[in-house]
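Residue strings, one per chain:
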Amino acid sequence: MDKFDFVRTELEALKASGLYGTMRTVESAQGAWITVDGRKVLNLCSNNYLGLANSPMLKRAVRKNMAQHGIGAGAARLISGTHTLHVQFEKALSRFKKTDDCLFFASGWCANIGTIQAITGSGDVIFSDELNHGSLIDASRLSRAKTVVYQHRDFSHLRRVLKEADDARRKLIVTDGVFSMDGDLAPLPEIVQLAEEHKALVMVDDAHGEGVLGDHGRGIVDHFGLHGKVDIEMGTMSKAFGVIGGYIAGRAEFIDFMRHKARTSLLATAPTLIDVAACLAAINVVEESERLVKKLWSNTTFFKKSMQSLGFDIGHSETPIIPVMVKDERRAQEFEEDLFKQGIFAHAIVYPTVPKGEARLRVQISAVHKRDDLKYALDKLDAIGHRLGVPA
Ligand SMILES: *Cc1c(COP(=O)(O)O)cnc(C)c1O
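Residues numbered from 1 in each chain as written. Predicted model: local features only at pLDDT ≥ 70, side-chain atom pairs only at ≥ 80, totals over all residues. Heavy atoms only, no water.

1. Regarding the overall build of the protein
Thought 1: Within the protein, the regular secondary structure consists of 15 helices and 13 strands.
Thought 2: Taken over the C-alpha atoms alone, the protein extends approximately 60 × 60 × 55 Å along its principal axes.
Thought 3: A sequence separation of at least 24 residues applies to 71% of the contacts in the protein between residues at least 6 apart.
Thought 4: Here the protein displays about 18000 Å² of accessible surface, and carbon together with sulfur accounts for 52% of that area.
Thought 5: The average position of the 50 basic charges and that of the 49 acidic charges among the side chains of the protein differ by 4 Å. (Helix = DSSP H or I, 4+ residues; strand = E, 2+ residues; numbered from the N terminus. Contact = heavy atoms within 4.5 Å. Areas by Shrake-Rupley, 256 points an atom, 1.4 Å probe, with all protein chains shown as cover. Lys, Arg positive; Asp, Glu negative; His and termini not counted. Charge placed at Lys NZ, Arg CZ, Asp CG, Glu CD.)

2. With respect to the site of the ligand
Thought 1: Close contacts around the ligand come from 13 residues, with Gly108, Trp109, Asp205, Thr236 and Lys239 the closest.
Thought 2: One of the side-chain N or O atoms of Thr236 is found 2.8 Å from an oxygen atom in the ligand.
Thought 3: Burial of the ligand by the surrounding chains reaches 86%, relative to a free accessible area of 380 Å².
Thought 4: The greatest single-element share of the shell around the ligand, amounting to three residues, is contributed by helix H5 (residues 108–119).
Thought 5: Here the shell around the ligand is composed, by residue class, of two nonpolar, eight polar and three charged. (Near = heavy atom within 4 Å. Polar contact = N/O pair within 3.5 Å; in protein donor to acceptor, adjacent residues only side chain to side chain. Nonpolar A, V, L, I, M, F, W, Y, C, P; charged D, E, K, R; others polar.)

3. Quick word on the domain arrangement of the protein
Thought 1: Domains assigned within the protein are domain 1 (24–49 + 290–387) and domain 2 (56–288).
Thought 2: Here the C-alpha centroids of domain 1 and domain 2 sit 27 Å apart.
Thought 3: Each partner contributes to the interface: domain 1 provides 21 residues, whereas domain 2 provides 23 residues.
Thought 4: The contact between domain 1 and domain 2 buries some 1600 Å² in all, and 60% of this surface belongs to carbon and sulfur atoms.
Thought 5: By the criterion of area lost to domain 2, the three top residues of domain 1 are Tyr49, Glu290 and Glu318, representing 30% of everything that side buries. (Domains from an automatic or database assignment. Buried area = accessible area lost by both parts, 1.4 Å probe.)

4. What to know about helix H2 (residues 56–69)
Thought 1: Along its 14 residues, H2 runs 20 Å from first to last C-alpha, staying within 8% of the 20 Å computed at 1.5 Å per residue.
Thought 2: Among all positions of H2, only Leu58, Ala61 and Asn65 are buried. Viewed end-on, H2 has its buried residues packed into an arc of 60 degrees, placing them on one side of the element. For H2, the exposed residues lying more than 90 degrees away from the buried face are Pro56, Arg60, Arg63, Lys64 and Ala67.
Thought 3: Looking at the packing, one finds that the buried side of H2 touches helix H4 (84–97) and helix H12 (273–288).
Thought 4: Of the residues flanking the start of H2, the one acting as N-cap is Ser55, its side-chain oxygen 3.1 Å from the backbone nitrogen of Met57.
Thought 5: Taken from the residues just after H2, Gly70 is the one with a positive phi, measuring 80 degrees. (Expected span 1.5 Å × (residues − 1). Buried < 20%, exposed > 50% of the residue type's maximum accessible area, 1.4 Å probe, protein only. Arc of directions from axis to C-beta.)

5. Quick look at the nonpolar core
Most often, soluble globular proteins have nonpolar side chains that are buried together.
Thought 1: Leu52, Phe89, Phe127, Leu158, Ile173 and Met237 are the most contacted members of the largest nonpolar core, which totals 61 residues.
Thought 2: Looking at this core, the element that brings in the most residues is H12, giving 10 residues.
Thought 3: Looking at this core, you find at least three residues from each of domain 1 (24–49 + 290–387) and domain 2 (56–288).
Thought 4: The contact partners of Leu158, leaving out residues within four places of it in the chain, are Phe127, Tyr150, Ile173, Ile191 and Leu194.
Thought 5: Listed in part, the 28 residues of the second largest apolar core include Leu42, Met307, Ala332 and Val363. (Core = buried A, V, L, I, M, F, W, Y, C linked by side-chain atoms within 4.5 Å.)

6. Comments concerning the sheet that holds strand S8 (residues 232–236)
Thought 1: Taken together, the seven strands give an open sheet; going across it, the order is S3-S9-S8-S7-S6-S4-S5, and neighbouring strands pair in mixed fashion. The sheet is open, and its two borders are formed by strand S3 (101–105) and strand S5 (146–150), each paired with just one other strand. Each adjacent strand pair in this sheet contributes to an overall mean axis angle of 20 degrees, direction not counted.
Thought 2: Strand direction decides the pairing type here: S8 and strand S9 (residues 246–250), joined by four bridges, are antiparallel. The residue of S9 that forms the bridge with Glu233 is Ala249.
Thought 3: Taken strand by strand, H5 contacts S3, strand S4 (125–129), strand S6 (171–176), strand S7 (201–205), S8 and S9, and its axis lies near 160 degrees from that of S8. (Pairing = 2+ DSSP bridges. Axes fitted to C-alpha atoms, helices over the stretch in contact; angles between N-to-C directions.)

See the structure below:
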C-alpha cells in the first residue's frame, strides 16, 4: 500500500463527479480583454470591478514606494513589522470607511479567521446565513462556538433562532454583505434591528460590496446608512480595489483588542510594503473620484436590462454579480465552453457550489468594460444561449 493511495482515490472521485476543474492560465495583465491559454477573451469572471488591478496610478505608487521602502515588512505586525505605510494605509482606510480605526491583514480570509476566532469561543453562539462564504464557515469551526445556520436572508428564521439562544454567553450574527453566487444583498437593517433586540454582535463580510456599494464604494453599511450600527465590517482589498489583503473596521477599542488578539495577524508576517502602497493608492483613487464606481453601475444596469430583454433569467441580483440561470449542470458547462471558443470568459457554477438544478453562468461586470465589449458579450450570449435552449 502506498501512503498516498487516498490522494489517488479522491482525485478519481472528483473527476468521476465532474468536480475536477481545470485551471486556465492568464497570460496578460487584468483588463476587459485578457489572454487565457493563448486565446484573447473578454473577461466576465473577474472581481476587478473597478479595473484597478492594472491601474497606471497604482503602478506608479508601487514603483515610487518600492524604490523608497523596498518590499518585505520583515516581521509580524506586533513584533516589529508595522511600517509607517501600514499605519498610513489604516488611517486612510478608516477615513474612507467612516469608522474609528481598522486592522489590515494579509488577506480577507485571514481577516475572517482571525476575527471570529478572537471574539467567540465555547459557550457562544454564531448565527450564520446558509450561503455565507467558506472563510466564515471555517472561522466559525475554528472558534469552537456553536454555529446556528439560518435560511438565506430569512430574518424571521434568524429571529426564531436568536430567541432560542437567549442564554448564550455571547452572540454573533455573521453575514456576507453581497452573496457571491447570486449577487443579492443581506437584509442588513433588519439584522441590525434583531441584533439590538437580542444584544448580539453583528459582523458583515463585505468582500464584494467594498468599492461597489454606497457613496464612492464605501460598502454595504454606507449603502444602507448604517454607520455606527454594524459592529464589525470586514472587507478585502483583493476585489474591487484590485490588490490583495483584508481588513476589519470598527470602533477604536475593538480594533485595539483585535491588534492584540487576532492570531492571523499576530503569527503572520505583515503584508508587503508594495501591496500596502498599492492599496493606499487604490483607496485614494476611489475617494477622490466616483467616476469608476459610476461607470461600474452604468455598465451593470445596461447589461442587466439587455439580458432581461433577451429573455434570460438573471435571478435576484442587486450588484454587478449576475447569475444567468441555466438550471441543467451539463448545459451550463457547455455554455461556458462554447462561449470561451467565441472569445467570452465566464464561469459555469454548478453543484455543489450551488444546489442541484440551479446551475448557472456567473457574469461579473467591471468598469473596464466598454459599451462595445458588453454588446459583443450580449450578442454571443444570445446566439449561443438560444442554440442551447437558454432561456428555455
Ligand atoms: C473573496 C472573499 C473572501 C476572501 O477574501 P480574500 O481577500 O480573497 O482572501 C472572504 N469573503 C468573501 C465573501 C469573499 O468573496
